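Close look at the chain arrangement
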Amino acid sequence: MKKEFVVIGLGRFGGSIVRELVRLGADVLAIDTNQEKVDEFAKIATQAVIADTTDEDVIKSLGIRNFEHVIIAIGENIQNSILTTLILKDLGVKQITVKAQNDYHARVLEKIGADFVVHPERDMGIRIANNMMSSNVLDYLELSDEHSIMEIKANDQIAGYSLIDLDIRAKYGINIVGIKRGEAIIISPAADEKILLGDILLVIGADVDINRFVKKMMS
(Lines give C-alpha, C1' and ligand atoms only; values in the text may rest on other atoms or scores of the structure.)
Protein backbone atom coordinates (compact mmCIF):
# COMPACT_ATOMS: atom_id res chain seq x y z
CA MET A 1 0.00 0.00 0.00
CA LYS A 2 1.09 3.55 -0.69
CA LYS A 3 1.97 5.71 2.28
CA GLU A 4 -0.47 8.54 2.88
CA PHE A 5 0.44 12.05 4.01
CA VAL A 6 -1.28 15.37 4.59
CA VAL A 7 0.65 18.59 3.99
CA ILE A 8 -0.93 21.74 5.43
CA GLY A 9 0.55 24.94 4.01
CA LEU A 10 1.78 25.06 0.42
CA GLY A 11 4.52 27.67 0.59
CA ARG A 12 8.08 26.91 -0.48
CA PHE A 13 8.70 24.43 2.35
CA GLY A 14 5.33 22.66 2.24
CA GLY A 15 5.27 22.71 -1.54
CA SER A 16 8.69 21.08 -1.81
CA ILE A 17 7.56 18.33 0.58
CA VAL A 18 4.47 17.65 -1.52
CA ARG A 19 6.52 17.39 -4.71
CA GLU A 20 9.08 15.05 -3.18
CA LEU A 21 6.52 12.78 -1.48
CA VAL A 22 4.63 12.44 -4.76
CA ARG A 23 7.90 11.72 -6.59
CA LEU A 24 8.59 8.96 -4.06
CA GLY A 25 5.22 7.38 -4.76
CA ALA A 26 3.16 8.53 -1.77
CA ASP A 27 -0.45 9.68 -1.75
CA VAL A 28 -0.63 13.30 -0.61
CA LEU A 29 -3.55 15.46 0.48
CA ALA A 30 -2.39 19.07 0.07
CA ILE A 31 -4.19 21.81 1.99
CA ASP A 32 -3.98 25.59 1.96
CA THR A 33 -6.26 28.60 2.39
CA ASN A 34 -4.98 30.19 -0.82
CA GLN A 35 -6.91 29.33 -3.99
CA GLU A 36 -3.97 29.90 -6.35
CA LYS A 37 -1.71 27.55 -4.41
CA VAL A 38 -4.37 24.88 -4.23
CA ASP A 39 -4.96 25.17 -7.98
CA GLU A 40 -1.21 24.80 -8.58
CA PHE A 41 -0.91 21.67 -6.45
CA ALA A 42 -4.12 20.11 -7.75
CA LYS A 43 -1.97 19.05 -10.72
CA ILE A 44 0.71 17.55 -8.45
CA ALA A 45 -0.83 16.10 -5.29
CA THR A 46 -3.29 13.22 -5.10
CA GLN A 47 -5.84 15.74 -3.87
CA ALA A 48 -5.62 19.47 -3.11
CA VAL A 49 -8.27 21.37 -1.15
CA ILE A 50 -8.93 24.80 0.31
CA ALA A 51 -9.51 24.46 4.04
CA ASP A 52 -9.13 26.27 7.34
CA THR A 53 -7.37 23.71 9.54
CA THR A 54 -8.05 25.73 12.69
CA ASP A 55 -11.68 24.58 12.36
CA GLU A 56 -12.07 21.15 13.98
CA ASP A 57 -15.22 20.35 11.99
CA VAL A 58 -13.37 21.01 8.72
CA ILE A 59 -10.51 18.72 9.75
CA LYS A 60 -12.96 15.97 10.70
CA SER A 61 -14.79 16.32 7.38
CA LEU A 62 -11.53 15.79 5.48
CA GLY A 63 -10.78 12.57 7.37
CA ILE A 64 -7.29 13.75 8.29
CA ARG A 65 -7.19 11.55 11.39
CA ASN A 66 -7.01 8.51 9.08
CA PHE A 67 -3.68 9.56 7.54
CA GLU A 68 -0.38 8.17 8.84
CA HIS A 69 1.51 11.45 8.98
CA VAL A 70 0.56 15.13 8.86
CA ILE A 71 3.09 17.85 8.05
CA ILE A 72 2.11 21.33 9.21
CA ALA A 73 4.05 23.81 7.09
CA ILE A 74 1.97 26.90 7.82
CA GLY A 75 3.96 30.05 7.05
CA GLU A 76 4.03 33.14 9.26
CA ASN A 77 0.85 32.50 11.27
CA ILE A 78 2.19 30.91 14.46
CA GLN A 79 -1.23 30.92 16.12
CA ASN A 80 -2.78 28.88 13.31
CA SER A 81 0.15 26.47 13.38
CA ILE A 82 -0.28 25.88 17.13
CA LEU A 83 -4.06 25.58 16.95
CA THR A 84 -3.89 23.13 14.03
CA THR A 85 -1.38 21.02 15.96
CA LEU A 86 -3.62 20.96 19.05
CA ILE A 87 -6.67 19.87 17.06
CA LEU A 88 -4.77 17.10 15.27
CA LYS A 89 -3.35 15.80 18.55
CA ASP A 90 -6.82 15.77 20.11
CA LEU A 91 -8.10 13.79 17.11
CA GLY A 92 -5.37 11.18 17.60
CA VAL A 93 -3.27 11.69 14.47
CA LYS A 94 -0.34 9.25 14.73
CA GLN A 95 2.53 11.45 13.60
CA ILE A 96 2.67 15.22 13.34
CA THR A 97 5.65 17.16 11.98
CA VAL A 98 5.52 20.94 12.34
CA LYS A 99 7.63 23.73 10.87
CA ALA A 100 8.74 26.13 13.61
CA GLN A 101 9.26 29.82 12.92
CA ASN A 102 11.53 30.38 15.94
CA ASP A 103 12.71 28.75 19.17
CA TYR A 104 9.70 29.99 21.18
CA HIS A 105 7.32 28.52 18.62
CA ALA A 106 9.28 25.24 18.74
CA ARG A 107 9.03 25.03 22.55
CA VAL A 108 5.27 25.53 22.42
CA LEU A 109 4.89 22.88 19.71
CA GLU A 110 6.91 20.37 21.74
CA LYS A 111 4.83 21.06 24.87
CA ILE A 112 1.53 20.45 23.06
CA GLY A 113 2.72 17.17 21.61
CA ALA A 114 4.18 17.69 18.12
CA ASP A 115 6.13 14.53 17.29
CA PHE A 116 8.75 16.29 15.18
CA VAL A 117 9.62 19.99 15.06
CA VAL A 118 11.74 21.23 12.16
CA HIS A 119 13.55 24.53 11.56
CA PRO A 120 14.18 24.55 7.79
CA GLU A 121 15.46 28.13 7.50
CA ARG A 122 17.75 27.83 10.53
CA ASP A 123 19.07 24.43 9.46
CA MET A 124 19.77 25.67 5.94
CA GLY A 125 21.63 28.65 7.39
CA ILE A 126 23.78 26.33 9.51
CA ARG A 127 24.54 24.12 6.49
CA ILE A 128 25.57 27.10 4.39
CA ALA A 129 27.74 28.52 7.19
CA ASN A 130 29.49 25.17 7.68
CA ASN A 131 30.11 24.84 3.95
CA MET A 132 31.57 28.35 3.88
CA MET A 133 33.89 27.58 6.81
CA SER A 134 35.23 24.43 5.14
CA SER A 135 34.69 23.11 1.64
CA ASN A 136 35.14 19.62 3.09
CA VAL A 137 31.91 19.85 5.13
CA LEU A 138 29.24 18.55 2.74
CA ASP A 139 26.17 18.26 4.93
CA TYR A 140 24.92 18.72 8.47
CA LEU A 141 22.08 17.26 10.55
CA GLU A 142 21.26 18.59 14.01
CA LEU A 143 20.47 15.85 16.55
CA SER A 144 20.01 18.17 19.53
CA ASP A 145 21.02 21.68 20.56
CA GLU A 146 24.61 20.51 21.07
CA HIS A 147 25.09 17.36 18.95
CA SER A 148 25.11 16.76 15.20
CA ILE A 149 26.03 14.44 12.38
CA MET A 150 28.24 15.87 9.64
CA GLU A 151 29.32 14.57 6.26
CA ILE A 152 32.99 15.49 5.85
CA LYS A 153 35.06 14.82 2.75
CA ALA A 154 38.47 13.29 3.51
CA ASN A 155 41.41 15.43 2.45
CA ASP A 156 45.10 14.61 2.08
CA GLN A 157 45.73 15.30 5.78
CA ILE A 158 43.88 12.15 6.80
CA ALA A 159 43.89 10.06 3.60
CA GLY A 160 46.05 6.94 3.86
CA TYR A 161 45.65 6.66 7.62
CA SER A 162 43.51 4.13 9.46
CA LEU A 163 40.98 5.14 12.09
CA ILE A 164 43.23 3.76 14.79
CA ASP A 165 46.17 5.79 13.42
CA LEU A 166 44.15 8.99 13.59
CA ASP A 167 42.68 8.12 17.03
CA ILE A 168 39.90 10.63 16.40
CA ARG A 169 37.69 9.44 19.24
CA ALA A 170 40.39 9.92 21.88
CA LYS A 171 41.68 13.22 20.48
CA TYR A 172 38.39 14.90 19.62
CA GLY A 173 35.63 12.93 21.37
CA ILE A 174 33.80 12.23 18.11
CA ASN A 175 32.97 9.03 16.24
CA ILE A 176 33.11 8.06 12.58
CA VAL A 177 30.00 5.90 12.25
CA GLY A 178 30.20 5.36 8.51
CA ILE A 179 32.25 5.94 5.38
CA LYS A 180 30.76 6.60 1.94
CA ARG A 181 33.13 5.34 -0.74
CA GLY A 182 31.73 5.78 -4.21
CA GLU A 183 28.45 3.88 -4.29
CA ALA A 184 29.33 1.80 -1.21
CA ILE A 185 28.70 2.67 2.43
CA ILE A 186 30.81 1.15 5.20
CA ILE A 187 28.76 1.11 8.39
CA SER A 188 30.67 1.09 11.71
CA PRO A 189 34.08 0.86 10.01
CA ALA A 190 36.73 -1.27 11.70
CA ALA A 191 39.60 0.44 13.54
CA ASP A 192 42.08 -0.68 10.87
CA GLU A 193 39.97 0.71 8.00
CA LYS A 194 42.12 3.07 5.96
CA ILE A 195 40.61 6.34 4.81
CA LEU A 196 40.97 7.10 1.11
CA LEU A 197 41.17 10.53 -0.46
CA GLY A 198 37.63 11.66 -1.29
CA ASP A 199 35.93 9.31 1.19
CA ILE A 200 32.92 10.92 2.86
CA LEU A 201 33.04 10.44 6.62
CA LEU A 202 29.84 10.35 8.66
CA VAL A 203 30.93 12.00 11.89
CA ILE A 204 28.77 12.19 15.02
CA GLY A 205 29.49 14.09 18.21
CA ALA A 206 29.19 17.35 20.11
CA ASP A 207 29.20 20.40 17.84
CA VAL A 208 32.18 21.92 19.66
CA ASP A 209 34.22 18.72 19.16
CA ILE A 210 33.30 18.29 15.49
CA ASN A 211 34.18 21.92 14.81
CA ARG A 212 37.52 21.43 16.57
CA PHE A 213 38.24 18.43 14.32
CA VAL A 214 37.24 20.34 11.18
CA LYS A 215 39.44 23.33 12.04
CA LYS A 216 42.44 21.15 12.88
CA MET A 217 42.24 18.46 10.20
CA MET A 218 40.20 19.96 7.36
CA SER A 219 41.78 23.39 7.00
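Since the model is a prediction, treat every value here as computed from it, not as a measurement. (Residues numbered from 1 in each chain as written. Predicted model: local features only at pLDDT ≥ 70, side-chain atom pairs only at ≥ 80, totals over all residues. Heavy atoms only, no water.)

What follows is about unusual backbone geometry. Of note, the phi angle at D167 is positive, near 50 degrees, even though the residue is not glycine. Within the secondary structure, D167 sits in the loop between α7 (163-166) and α8 (168-172). Here D167 falls in the partly exposed class, since its relative accessible area comes to 37%. Even without glycine at this site, S188 takes up a positive phi of about 45 degrees. Of note, S188 is situated in the loop between β10 (184-187) and β11 (200-206). Given the relative accessible area of 60%, S188 is considered exposed. (Helix = DSSP H or I, 4+ residues; strand = E, 2+ residues; numbered from the N terminus. Buried < 20%, exposed > 50% of the residue type's maximum accessible area, 1.4 Å probe, protein only.)

Bridge count for strand β9 (residues 175-181) against β11 is five bridges, and the pairing is antiparallel. Paired with I179 across the two strands is L201, which belongs to β11. Two strands pair when backbone bridges link them, and β9 and β10 are joined in this way by four bridges, in the antiparallel orientation. Across the sheet, the residue bridging to R181 is A184, located in β10. Taking the residues between adjacent antiparallel strands as the criterion, β9 and β10 are bridged by two residues, where G182 takes a positive phi near 65 degrees. (Pairing = 2+ DSSP bridges.)

With their axes 10 Å apart at the nearest point, helix α4 (residues 78-91) and helix α5 (residues 103-111) run at an angle of 15 degrees to one another. Considering the angle they form, α4 stands roughly parallel to α5. Between α4 and α5 lies a crossing whose hand is right-handed. Between α4 and α5, the residues in contact are I78, S81, I82 and T85 and H105, V108 and L109, respectively. Looking at side-chain class alone, the contact of α4 with α5 contains four nonpolar, three polar and no charged residues. (Axes fitted to C-alpha atoms, helices over the stretch in contact; angles between N-to-C directions. Parallel < 35°, antiparallel > 145°, perpendicular 65-115°, else oblique. Left-handed = near helix turned anticlockwise from the far one by under 90°. Contact = heavy atoms within 4.5 Å. Nonpolar A, V, L, I, M, F, W, Y, C, P; charged D, E, K, R; others polar.)

A few words now on the packing of aromatic side chains. Per the stated rule, a full pass over the model turns up one aromatic pair. Measuring from centroid to centroid gives 5.4 Å for Y172 and F213, while their planes differ by 75 degrees, and the two rings are edge-to-face. With Y172 in helix α8 and F213 in helix α9 (residues 207-217), the pair connects residues that are 41 residues apart, well separated along the chain. Here the two residues Y172 and F213 agree in accessibility, since each one is buried. (Phe/Tyr/Trp six-rings, centres within 6.5 Å; stacked < 30°, edge-to-face > 60°.)

Among the secondary structure elements, V58 is positioned in helix α3 (residues 56-62). Owing to a relative accessible area of 23%, V58 belongs among the partly exposed residues under this scheme. The contacts of V58, once residues within four sequence positions are left out, are A51 and D52.

Between its terminal C-alpha atoms helix α1 (residues 12-23) stretches 16 Å, which fits the 16 Å expected from twelve residues at 1.5 Å a residue. Those residues of α1 not exposed but buried are G14, G15, I17, V18 and L21. Buried residues in α1, looked at end-on, bunch into an arc of 160 degrees, giving them a common side. Pointing more than 90 degrees away from the buried face of α1 are the exposed residues R12 and R23. Where α1 is buried, its residues touch β1 (4-8), β2 (27-32), α2 (35-41) and β4 (69-72). A positive backbone phi angle near 95 degrees is found at G25, which sits one or two residues after α1. (Expected span 1.5 Å × (residues − 1). Arc of directions from axis to C-beta.)

This paragraph deals with the nonpolar core. Of all hydrophobic cores here, the largest spans 25 residues; its most connected members are V6, I8, I31, I64, V70, I72 and L88. Contributing elements (two or more residues each) for this core: β1, β2, β4, α4, β5 (95-99) and α5. If near-sequence neighbours (up to four positions away) are discounted, I31 is found in contact with V6, V7, I8, G9, L10, V49, A51, T53, L62 and I64. With 19 residues, the next largest nonpolar core counts M150, V203, V214 and M218 among its residues. (Core = buried A, V, L, I, M, F, W, Y, C linked by side-chain atoms within 4.5 Å.)

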